[in-house]
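# Summary of structural features
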Amino acid sequence: MTTTSNYTNNTNPIETTGEQLGAFLQAHNEIEFILPPLVGMMITNRFKLRGATALLVNLTVAGFVRQIIEQLKEQKVTVVAPVVDTEATTISQSVSPVSSEDCSAYTIVHSTPGRIRLRIPRVVSEPDYAKRLEQLLNADSHVLKVRINTAAACIVIQYQADGMSDWEMGMLLMNIIQEADSDEEEISEAEE
């Protein structure tokens, strides 16, 4: 009795999978816009990150996911080691000067390349803070447009990175937000 096998020896199944993923991503461009911020928000929520740390992690993870998607769309297969834990650890260590009070001051609602929406509860209760933050953001050359929605306690920042990495852009925005906080402290000390 002779047995025949339907098994075909595929010499590189990873390449076939990469090509299939690339074709799928090219056919469904909307994934390119939805997946990066979604993964960034999932990671920041999973690690319960808020404020400056969440901003940096979200932008970095979203940028990383965008790079993977671009590589897959170009049908290039690269093996990427998971970096989520080391990324979060590295980022939280590098922004250690930020107090825990600052870290809970805002959360990321949504981000896409060139645009980020933050929920900052202080813009509702402190109109001077909102105005100061808007002025500082508008003064930066990378910021194209700022829109504050006090009803939703949100601020939308449209920016142009001009060759800056997501990490550098996150640091820039974080510094502007902290500057608005420190300006308020200086004003309140001067009034006393």
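Just so you know, these numbers come straight off a predicted model, no measurement behind them.

Moving on: the overall build of the chain. From N to C terminus, the chain includes eight helices and four strands. Reading the secondary structure of the chain in the N-to-C direction produces α-α-α-α-α-β-β-α-α-β-β-α. Counting over 192 residues, the chain shows a buried share of 35%.

Let's shift gears to helix α2 (residues 30-46). The end-to-end C-alpha distance of α2 is 24 Å, a good match for the 24 Å that 17 residues give at a rise of 1.5 Å each. All of the buried residues in α2 are Pro36, Pro37, Gly40, Met41, Ile43 and Thr44. Projected onto a plane normal to the axis of α2, the buried residues spread over an arc of 165° and lie on a single side. Turned more than 90 degrees off the buried face of α2, the exposed positions are Ile34, Met42 and Arg46. Directly beyond the C-terminal end of α2, a positive phi value near 55° is found at Lys48.

So, about the packing of aromatic side chains. Given two aromatic rings, one states the distance between the centres and the angle between the planes to describe the pair. Using the criterion set out here, one finds zero aromatic pairs in the structure. When the ring centre of Tyr129 is taken as reference, the NZ or CZ atom of Arg122 above it lies at 3.9 Å.

Spatially, β1-β2-β4-β3 is the arrangement adopted by the four strands of the open sheet, whose pairing is antiparallel. Each edge of the open sheet carries a strand with a single partner, namely β1 (107-112) and β3 (143-149). Adjacent strand axes in the sheet meet at a mean angle of 15°, parallel and antiparallel pairs treated alike. Sheet analysis places strand β2 (residues 115-119) next to strand β4 (residues 154-159), joined by five bridges and oriented antiparallel. Opposite Arg115, over in β4, you have Gln158 as the bridge partner.

So, about helix α3 (residues 51-73). Spanning 23 residues, α3 covers 33 Å between terminal C-alpha atoms, matching the ideal 33 Å at 1.5 Å per step. Buried residues dominate α3, accounting for 18 of its 23 residues.

Relative to the elements of secondary structure, Asn149 occurs in strand β3. In this structure, the C-alpha to C-alpha distance between Asn149 and Ile120, residues 29 residues apart in sequence, is 9.9 Å.

Moving on, we come to the packing of α2 against α3. Look at α2 against α3: their axes get within 8 Å of each other, and the N-to-C directions meet at 145°. Classified by chirality, the crossing of α3 by α2 is right-handed. The segment α2 lies against α3, with Ile31, Glu32, Leu35, Pro36, Pro37, Val39, Gly40, Met41, Ile43 and Thr44 engaging Ala54, Val57, Asn58, Val61, Ala62, Val65, Arg66, Ile69, Glu70 and Lys73. The class makeup of the residues in the contact of α2 with α3 is 13 nonpolar, three polar and four charged.

So, on to the confidence of the model for the chain. The share of residues in the chain with pLDDT of 70 or more is 71%, and the mean pLDDT across the chain is 75. Mean pLDDT values for the elements of the chain range from 37 in helix α4 (residues 84-94) up to 96 in β3. Of the regions scoring below 50 in pLDDT, residues 76-104 engages in 37 contacts with residues more than four places distant in sequence or in other chains.

For the rest of this paragraph, the subject is the pattern of salt bridges. Tallying each qualifying case throughout the model produces three salt bridges. One salt bridge connects Arg66 with Asp166, and the closest N-O pair in it is separated by 3.9 Å. With Arg66 in helix α3 and Asp166 in helix α8 (residues 166-191), the pair connects residues that are 100 residues apart, well separated along the chain. The class of Arg66 is buried, set by a relative accessible area of 18%. Judged by its relative accessible area of 27%, Asp166 is partly exposed.

Right, let's get into the nonpolar core. Ranked by size, the top nonpolar core spans 37 residues in total, and within it Leu55, Ile116, Leu118, Leu133 and Leu137 carry the most contacts. Counting only elements with at least two residues in this core, the list comes to α3, β2, α7 (127-139), β3, β4 and α8. Examining the composition of this core, we find that 10 residues originate from one element, α3, more than from any other. Apart from residues lying up to four places away in sequence, Ile116 is in contact with Leu55, Leu59, Ile108, His110, Ser111, Ile155, Val156, Ile157, Tyr159 and Leu173.

Scoring rules and cut-offs
- Residues numbered from 1 in each chain as written.
- Predicted model: local features only at pLDDT ≥ 70, side-chain atom pairs only at ≥ 80, totals over all residues.
- Heavy atoms only, no water.
- Helix = DSSP H or I, 4+ residues; strand = E, 2+ residues; numbered from the N terminus.
- Buried < 20%, exposed > 50% of the residue type's maximum accessible area, 1.4 Å probe, protein only.
- Expected span 1.5 Å × (residues − 1).
- Arc of directions from axis to C-beta.
- Phe/Tyr/Trp six-rings, centres within 6.5 Å; stacked < 30°, edge-to-face > 60°.
- Lys NZ or Arg CZ within 6 Å of the ring centre and 35° of its normal.
- Pairing = 2+ DSSP bridges.
- Axes fitted to C-alpha atoms, helices over the stretch in contact; angles between N-to-C directions.
- Left-handed = near helix turned anticlockwise from the far one by under 90°.
- Contact = heavy atoms within 4.5 Å.
- Nonpolar A, V, L, I, M, F, W, Y, C, P; charged D, E, K, R; others polar.
- pLDDT = per-residue confidence, 0-100.
- Salt bridge = Lys/Arg side-chain N within 4 Å of Asp/Glu carboxyl O.
- Core = buried A, V, L, I, M, F, W, Y, C linked by side-chain atoms within 4.5 Å.

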